[in-house]
Protein chains: 2
Amino acid sequence: MRLAVVQTNPIFGDVQTNIKQALLLMENEHADLYVLPELFNTGYNFIDANEVNKLSEPVHGMTYKSISAFSKKKLCYVVYGFAEKSDRLYNSAAFVGPEGLIGVYRKVHLYYRETLFFAPGNLGFPVFDLPFGKVGMMVCFDWMYPESARTLALKGAQLIAHPSNLVLPYCPDAMVTRCLENRIFAATANRVGRENRGGVDLTYIGKSEIVSPKGEILVRMDDKETGKTAVEVDLSVASNKRINEFNDLLAGRQASEYF
Amino acid sequence: MRLAVVQTNPIFGDVQTNIKQALLLMENEHADLYVLPELFNTGYNFIDANEVNKLSEPVHGMTYKSISAFSKKKLCYVVYGFAEKSDRLYNSAAFVGPEGLIGVYRKVHLYYRETLFFAPGNLGFPVFDLPFGKVGMMVCFDWMYPESARTLALKGAQLIAHPSNLVLPYCPDAMVTRCLENRIFAATANRVGRENRGGVDLTYIGKSEIVSPKGEILVRMDDKETGKTAVEVDLSVASNKRINEFNDLLAGRQASEYF
């Protein structure tokens, strides 16, 4: 399958323009699955919960309608981050395909001021069975907790679609460890640019990347430019957890010795 | 406290010489705690269980006597890897100090042909309260399983003493992730050299290192030379799990959402 990461630079609050920007990038790159950044439609640096409330959407809102139309037209799948309006507000990722909504993930590990606006995710880490393989999602700061990727791997995910808005420098290299320790693919789609709002100045590090189960960085984008990049991957190789003739990665866990 | 990693190149089976080599390196570097490689006294590449049986020692064996004498004389602590003869054979690490034996860890995640000779560790991941801080141990391939370092961090360890005999290239960079995701120090003591025995040809990668809770590589040795290197560290900083005013690393775990 052909897997793409899309690196955007959204204009805060301009949802229509941000969706257009993403669709334009995607139009120019054929892929079976596109991964877009966290909160790609709204921007990230909310000043208060009021702003989130105003810019958030239900799962089947305007952003879903635009993306799923693209998905239907191109017969492809898309994972994108958005502010979800439900019983509470969630920092979510939607998985859509030609058949419509596949599922939603709500970010479990909220970072920094997100804790002021969003409720922590309460849907666990779902894994979806697609024509090209099993895919789960995590969002940005979830990378910091090895439990996120481990949970997805134990549930059979072959690929982690990872919408992000990274500001710390550590994640791109850490994802190599996440892939190695789970023998799994990961596609981290990050944004670039800067948002200086309400006295909080954030610069996003770009470096969107796709990493293989052997920890190879198949693609890594730069730290300033928007763009998209795709690679051919065979997700089934992520089901082989054999490190050598004596070690099976997941079967080798010794749960009785853990905390 | 002053923390040292010692990078050796043992001669397979020549326990006396290997202990001497390690002590000589330690004599020339003052430290409060020295970390030596995995199986530093015997070498690593056993052909069969017979060899392990012959070269293994009870915890209080000859190797312990030599190292604890040094420890007493220098008023320092030493972590070293050895083949432990007990009810079964274990790939163990001993923690000794001026007062004698502090504790033993038995490698939980056995790698490759080790699974033919050793029983998996059955003592969990103990953490010891020393004058300079709380220290736990893991051995080599335990790095691959995030549960090892996580268990130690959850039990309060501020430093992971990590005797190793690394042959794969991934661990030195992965330890940066291990330290970041747990806000913990790690001292990985690896060996160098090559052992080609019984048709199994292993080259050890060196690169012994000390990494800080912020993922800084405080020291990293080269890949071929024996030697030792030490740094001053304040282990108490590893008790601060605050990433920022909104995020506490360990309190932020969302166990209900994990597998």
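For the structure, check the block above.
Being a predicted model, the structure only gives us computed values, none of them experimental. (Residues numbered from 1 in each chain as written. Chains lettered and ligands numbered in written order. Predicted model: local features only at pLDDT ≥ 70, side-chain atom pairs only at ≥ 80, totals over all residues. Heavy atoms only, no water.)

This paragraph deals with the sheet that holds strand β1 (residues 2–7) of chain A. All names here are of chain A. The sheet built from six strands is open, its strands ordered β5-β4-β3-β2-β1-β14 with mixed pairing. The two strands at the open ends of the sheet, each matched to only one other strand, are β5 (100–106) and β14 (227–232). Strand-to-strand twist in this sheet, taken as the mean axis angle between neighbours without regard to direction, amounts to 25°. Across three bridges, the pairing between strand β2 (residues 33–35) and strand β3 (residues 77–85) is parallel. Looking across to β3, one finds that Leu33 is bridged to Tyr77. Where helix α1 (residues 15–27) meets the sheet, it contacts β1, β2, β3 and β14, and its direction lies at approximately 145° from that of β1. Packing of helix α3 (residues 62–74) onto the sheet brings it into contact with β2, β3, β4 (89–97) and β5, and relative to β3 it is tilted by some 175°. (Pairing = 2+ DSSP bridges. Helix = DSSP H or I, 4+ residues; strand = E, 2+ residues; numbered from the N terminus. Axes fitted to C-alpha atoms, helices over the stretch in contact; angles between N-to-C directions. Contact = heavy atoms within 4.5 Å.)

A word on the nonpolar core. Within the largest apolar cluster, 94 residues are counted, with the highest numbers of intra-cluster contacts made by Leu33, Val78 and Tyr80 of chain B. With sequence-adjacent residues up to four places away left out, Val78 of chain B is seen in contact with Met26, Leu33, Tyr34, Leu36, Ile67, Phe70, Ala94, Phe95 and Val96 of chain B. The next biggest cluster of nonpolar side chains, apart from the first, holds 93 residues, and it includes Leu36, Met144, Met221 and Leu235 of chain A. (Core = buried A, V, L, I, M, F, W, Y, C linked by side-chain atoms within 4.5 Å. Buried < 20%, exposed > 50% of the residue type's maximum accessible area, 1.4 Å probe, protein only.)

For the α-helix, the turn length of 3.6 residues means that residues three or four positions removed from each other point alike. All names here are of chain A. When the terminal C-alpha atoms of α3 are compared, their 19 Å separation across 13 residues agrees well with the 18 Å that a helix rising 1.5 Å per residue should span. Looking only at α3, the buried set comprises Thr63, Tyr64, Ile67, Ser68, Phe70 and Ser71. On an axial view of α3, the arc spanned by its buried residues comes to 155°, and they lie on one face. The exposed set on the far side of α3, more than 90 degrees from its buried face, consists of Lys65, Lys72 and Lys73. Of the surrounding secondary structure, the elements contacted by the buried residues of α3 are α1, β2, β3, β4 and β5. Positive backbone phi, approximately 50°, marks Leu75, located one or two places after α3. (Expected span 1.5 Å × (residues − 1). Arc of directions from axis to C-beta.)

Residues and elements named next belong to chain A. Following the sequence through the fold, Arg183 ends up in the loop between α6 (171–182) and β9 (185–189). Look at Arg183: it is buried, it has no salt bridge, and the nearest opposite charge is Asp248 at 8.9 Å. A distance of 3.1 Å separates the side chain of Arg183 from the backbone oxygen of Arg242, its partner in a polar contact. Ignoring any residue separated from it by four or fewer positions in sequence, one finds Arg183 in contact with Pro213, Ala238, Asn240, Lys241, Arg242, Ile243 and Leu249. (Lys, Arg positive; Asp, Glu negative; His and termini not counted. Salt bridge = Lys/Arg side-chain N within 4 Å of Asp/Glu carboxyl O. Polar contact = N/O pair within 3.5 Å; in protein donor to acceptor, adjacent residues only side chain to side chain.)

On to the interface of chain B and chain A, then. Each partner contributes to the interface: chain B provides 42 residues, whereas chain A provides 42 residues. Summing the contributions of chain B and of chain A, the shared interface buries around 3,600 Å²; its carbon and sulfur component is 64%. It is Phe246, Glu257 and Phe259 of chain B in chain B that bury the most area against chain A; as a group they hold 18% of the surface buried on that side. Our enumeration of links across chain B and chain A arrives at six salt bridges. A salt bridge links Arg178 of chain A to Glu181 of chain B, with the nearest nitrogen and oxygen atoms 2.5 Å apart. Taken together, the links from chain B to chain A amount to 19 residue pairs in polar contact (both at pLDDT 80 or more). Secondary structure elements with two or more residues in the side of chain B that touches chain A: α4 (114–117), α5 (146–154) and α6 (171–182) of chain B. (Buried area = accessible area lost by both parts, 1.4 Å probe.)

Bringing the pairing of strand β3 (residues 77–85) of chain B into the picture now. Residue and element names in this part refer to chain B. Of all nine residues in β3, eight are buried, a share of seventy percent or more. Note that β3 and strand β4 (residues 89–97) share eight bridges and pair antiparallel. The residue of β4 that forms the bridge with Lys85 is Leu89. Counting the residues between successive antiparallel strands, the hairpin from β3 to β4 contains three residues.

In screw terms, the move from chain B to chain A is a rotation of 180° and a rise of 0.0 Å along the axis, fitting with an RMSD of 0.0 Å. As the rotation angle and translation indicate, the two copies are arranged about a two-fold axis. Most of the interface of chain B is mirrored in chain A: 100% of its interface residues are interface residues there too. (Least-squares fit on C-alpha atoms with pLDDT ≥ 70 in both.)

Okay, empty space enclosed by the protein next. All names here are of chain B. In the structure shown here, the tally under the stated rule is four cavities of 30 Å³ or more. For the largest cavity, the calculated volume is near 120 Å³. If you go around the largest cavity, you meet 13 residues; those closest to its centre are Tyr111, Cys140, Leu166, Val167 and Leu168. The residue inventory of the lining of the largest cavity, partitioned by class, reads twelve nonpolar, one polar and no charged. (1 Å grid on protein atoms, 1.4 Å probe; cavity = no way out; pocket = protein on both sides within 12 Å on 5 of 7 lines; lining within 4 Å. Points joined across faces, edges and corners; volume = space filled by probe spheres on them. Nonpolar A, V, L, I, M, F, W, Y, C, P; charged D, E, K, R; others polar.)

Residue and element names in this part refer to chain A. Applying the stated criterion to the full structure yields 32 aromatic pairs over all chains. When the centroid spacing of 4.9 Å and the interplanar angle of 50° are considered together, the rings of Tyr111 and Phe141 count as tilted. Within this pair, whereas Tyr111 is found in the loop between β5 and α4 (114–117), its partner Phe141 is found in the loop between β7 (133–137) and α5 (146–154), the two being separated by 30 residues in sequence. Both rings, one in Phe117 and one in Phe118, keep their centres 6.5 Å apart while their planes meet at 75°; by these two values the pair is edge-to-face. Both residues of the pair, Phe117 and Phe118, belong to the buried class. (Phe/Tyr/Trp six-rings, centres within 6.5 Å; stacked < 30°, edge-to-face > 60°.)

Attention now moves to the environment of Asp32 of chain B. Residues and elements named next belong to chain B. Tracing the backbone through its elements, the reader meets Asp32 in the loop between α1 (15–27) and β2 (33–35). Judged by its relative accessible area of 25%, Asp32 is partly exposed. Beyond its immediate sequence surroundings of up to four residues, Asp32 is in contact with Met1, Arg2, Cys76, Tyr77 and Phe132. Polar side-chain contacts of Asp32 include one of 2.6 Å to the backbone nitrogen of Arg2.

Inspection of the entire model under this criterion finds 34 salt bridges over all chains. Of the charged contacts in the structure, one is a salt bridge between Glu147 of chain B and Arg150 of chain A, with a shortest N-O distance of 2.7 Å. On the criterion of chain membership, the pair formed by Glu147 of chain B in helix α5 and Arg150 of chain A in helix α5 is interchain, its members lying in two chains. Taken as a pair, Glu147 of chain B and Arg150 of chain A share a single burial class, namely buried. For Lys224 of chain B, the salt bridge goes to Asp223 of chain B, with nearest N and O atoms at 3.4 Å. Assessed through its relative accessible area of 58%, Lys224 of chain B is described here as exposed. Put simply, Arg178 and Glu181 of chain A together with Arg178 and Glu181 of chain B are held in one network by salt bridges that share partners.

On their own, these measurements won't tell you what the molecule is for.
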